[in-house]
Amino acid sequence: MRIVFMGTPEFAVPCLERLLADGHEVAGVFTQPDKPKGRGYAMAAPPVKQAAQRAGLPVFQPISIKTEETLAQLRELAPELIIVVAYGKILPRAVLELPEYGCINVHASLLPRLRGAAPIQWAILRGDQKSGVTTMYMDTGLDTGDMLLKAETPIGADETAGGLHDRLSQMGAQLLSDTLHALQSGSLRREPQREEDSTYAPMLDKSLCPIDWSKPAQEIHNQIRGLSPWPVAVTRLQGRQLKVHTSRLEEESSAGPAGAVASGKDCIRVVCGDGRLLALICVQPEGGKRMAAADFLRGHPIQEGTILGE
C-alpha cells in the first residue's frame, strides 16, 4: 500500500521499519521539528526522522499539521492510508478524511483503558498487571476511534516503564503488520470503544516525582518503576536530592518509622508506610551519575535509622 507515516519518538521507529520490511511504499514521513537537546542545547532530530533518513525517505516536519500548506503536501503524496504512531499532534478532520483507507493509529495500551499521552507509564503507576497495544481507526477524539486488533502482555513485577516501552514498541510493529494484512485481505473488523470503560493517561511532569514514604511499599515501587527512565522518582537524603531509578520489594517488615533506612550492604532498604521494606537498587545522587546503590553506599555510607525525605 502507498502510506504516509506520522511518528516522532523511538517507540514509533519499529513500526516504520516494519512497514518497509513488509514491502509497503512509504511515500513520506511526517515528524515533529528538531529540538534542542543536552547541556549544549544542540538541535537534535527525532528518532523517526533519523530512521527515515537512513531509509532514504522524504521527511516533512511541519510546525502545524492544520495548515493548508501541510494539507497540500499530503494531497500531493496521495497516500492510500496514513499510519500514526506517537506523532504528538492531533490530526484535523481534513487529514483524517484524505486517504482512501483512513488513518490507523498504534496505541500503547489496551483501549479503551489509558487513552492519552503516557499509557505505558500510567499502566505501571496504577499497578496494572497487564498492558498491550491496540490498533484503531482514528477519529477527531483523543484515542476514541474504533478498535481493530489488540496484543496483550503481562507486566513484570519489577519492570520499569522503559523496559515495557521497548517490548511494546516491538509488539506494536507486529500488530501493525497484522492489521494491514487483515485490511488488505478484507478480514479487518471494527469494534467501537465502550466509553464507560475508558480511563485517561495524562502527560507526566515532575510533580509526580517526590516519594511519600508514608504510602504502602507496593505503591512506592510502582511509582519508581513507572517514572523510570523519566522523569524519575526522587527523595531526599541528608538535605540533598536522591533520584531512585529501580527498586525491589522485600519480604521483610520493620517497626521503624516510614522513610527510615534499615540495614543493608548491597542496597538501600527503606521502611514504607505499611511497614514493608523497599530496596533501592539503582540511584543517582544530586549532581552525580546513575549508579548501583551498593556503589553509592561504599562512598556514602548511611547510618541505620536515617530518615529519607527530610
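Cut-off values and rules
- Residues numbered from 1 in each chain as written.
- Predicted model: local features only at pLDDT ≥ 70, side-chain atom pairs only at ≥ 80, totals over all residues.
- Heavy atoms only, no water.
- Core = buried A, V, L, I, M, F, W, Y, C linked by side-chain atoms within 4.5 Å.
- Buried < 20%, exposed > 50% of the residue type's maximum accessible area, 1.4 Å probe, protein only.
- Contact = heavy atoms within 4.5 Å.
- Phe/Tyr/Trp six-rings, centres within 6.5 Å; stacked < 30°, edge-to-face > 60°.
- Helix = DSSP H or I, 4+ residues; strand = E, 2+ residues; numbered from the N terminus.
- Disulfide = S-S within 2.5 Å.
- Salt bridge = Lys/Arg side-chain N within 4 Å of Asp/Glu carboxyl O.
- Pairing = 2+ DSSP bridges.
- Patch = residues over 30% accessible without salt bridge, like charges linked within 9 Å, V, L, I, M, F, W, Y side chains within 5 Å.
- Areas by Shrake-Rupley, 256 points an atom, 1.4 Å probe, with all protein chains shown as cover.
- Axes fitted to C-alpha atoms, helices over the stretch in contact; angles between N-to-C directions.
- Parallel < 35°, antiparallel > 145°, perpendicular 65-115°, else oblique.
- Left-handed = near helix turned anticlockwise from the far one by under 90°.
- Nonpolar A, V, L, I, M, F, W, Y, C, P; charged D, E, K, R; others polar.

Chemist: Looking at this model, I keep getting lost on the nonpolar core. Mind explaining?
Modeler: With 71 residues, the main nonpolar core has F5, L16, I83, L180, W213, I268 and L280 as its most contacted residues. Ignoring any residue separated from it by four or fewer positions in sequence, one finds I268 in contact with L242, V261, L278, A279, L280, V283, A293, F296, L297 and I302.

Chemist: Can you help me understand the packing of aromatic side chains in this one?
Modeler: The description of an aromatic ring pair rests on the distance of the ring centres and on the angle between the ring planes. On inspection of all chains with the given rule, the structure shows 1 aromatic pair. Arranged with centres 4.8 Å apart and planes meeting at 15°, the rings of F30 and F60 form a pair that is stacked. Separated by 30 residues along the polypeptide, F30 in strand β2 (residues 25–30) and F60 in strand β5 (residues 59–60) bring together distant segments of the chain. F60 shares its class with F30; the two are buried.

Chemist: When you look at the environment of D178 in this model, what are you seeing that I'm missing?
Modeler: Checked against the element boundaries, D178 lands in helix α6 (residues 161–185). Put simply, D178 and G156 are 22 residues apart on the chain and 25 Å apart in space, counted from C-alpha to C-alpha.

Chemist: Just checking my understanding: could you explain the state of the cysteines for this structure?
Modeler: By definition, a disulfide links the sulfur atoms of two cysteines through a covalent bond. Inspection of the entire model under this criterion finds 0 disulfides. Between C209, a free cysteine, and C282, which holds the nearest cysteine sulfur, the sulfur-to-sulfur gap is 15 Å. Overall, C209 belongs to the buried group, its relative accessible area being 4%. Here C282 stays unpaired: no disulfide links it, and the sulfur of C267, its closest cysteine neighbor, is 12 Å away.

Chemist: Sorry if this is basic, but what is going on with the pattern of salt bridges here?
Modeler: Should their charged atoms come close, side chains of opposite charge can pair. Applying the stated criterion across every chain, the model contains 18 salt bridges. R113 is the salt-bridge partner of D128, the closest N and O atoms lying 2.7 Å from each other. On the criterion of sequence distance, the pair formed by D128 in the loop between α5 (119–125) and β8 (130–137) and R113 in the loop between β7 (103–107) and α5 is long-range, its members being 15 residues apart. Judged by its relative accessible area of 33%, R113 falls in the partly exposed class. Close ionic contact of E252 with R269 constitutes a salt bridge, the shortest N to O distance being 2.8 Å. With a gap of 17 residues between them, E252 in strand β11 (residues 240–253) and R269 in strand β13 (residues 268–271) connect regions that are remote in the sequence.

Chemist: I'm lost on the pairing of β11 in this one. Help?
Modeler: On a regular strand, one side chain projects to one face of the sheet and the next to the other, so that they alternate. Bridge count for strand β10 (residues 233–237) against β11 is 5 bridges, and the pairing is antiparallel. Looking at the pairing, T235 lines up with L242 of β11.

Chemist: Quick question: what am I supposed to make of a nonpolar patch on the surface here?
Modeler: Taken together, the side chains of I90, L142 and Y200 define a hydrophobic patch exposed on the protein surface, amounting to about 290 Å² of accessible area. In this fold, I90 is placed in the loop between β6 (81–85) and α4 (93–96).

Chemist: Help me understand the sheet that holds β8, please; the structure alone is not making it clear to me.
Modeler: One key point about sheets: their strands pair by backbone hydrogen bonds, in either a parallel or an antiparallel sense. Taken together, 7 strands build an open sheet; the order of strands is β5-β2-β1-β6-β7-β8-β9 and the sheet is mixed. Pairing within the sheet leaves two strands with one partner each, and these edge strands are β5 and β9 (147–154). Sheet analysis places β7 next to β8, joined by 4 bridges and oriented antiparallel. Bridged to N105 within β8 is M136. Packing of helix α3 (residues 68–77) onto the sheet brings it into contact with β1 (2–7), β2, β5 and β6, and relative to β2 it is tilted by some 170°.

Chemist: In this structure, what is going on with the packing of helix α1 (residues 13–21) against helix α2 (residues 47–54)? I would like to understand it.
Modeler: Axes are the key here: two packed helices are described by the angle between their axes and the distance separating the axes. Where α1 meets α2, the axes come as close as 9 Å, and the angle between the chain directions of the two elements is 25°. As judged from the angle between their axes, α1 and α2 are roughly parallel. Seen from above, α1 lies across α2 with right-handed handedness. Residue-level inspection shows V13, L16 and E17 of α1 in contact with α2, the latter providing P47, V48, A51, A52 and R54. Looking at the contact of α1 with α2 residue by residue, the class counts come to 6 nonpolar, no polar and 2 charged.

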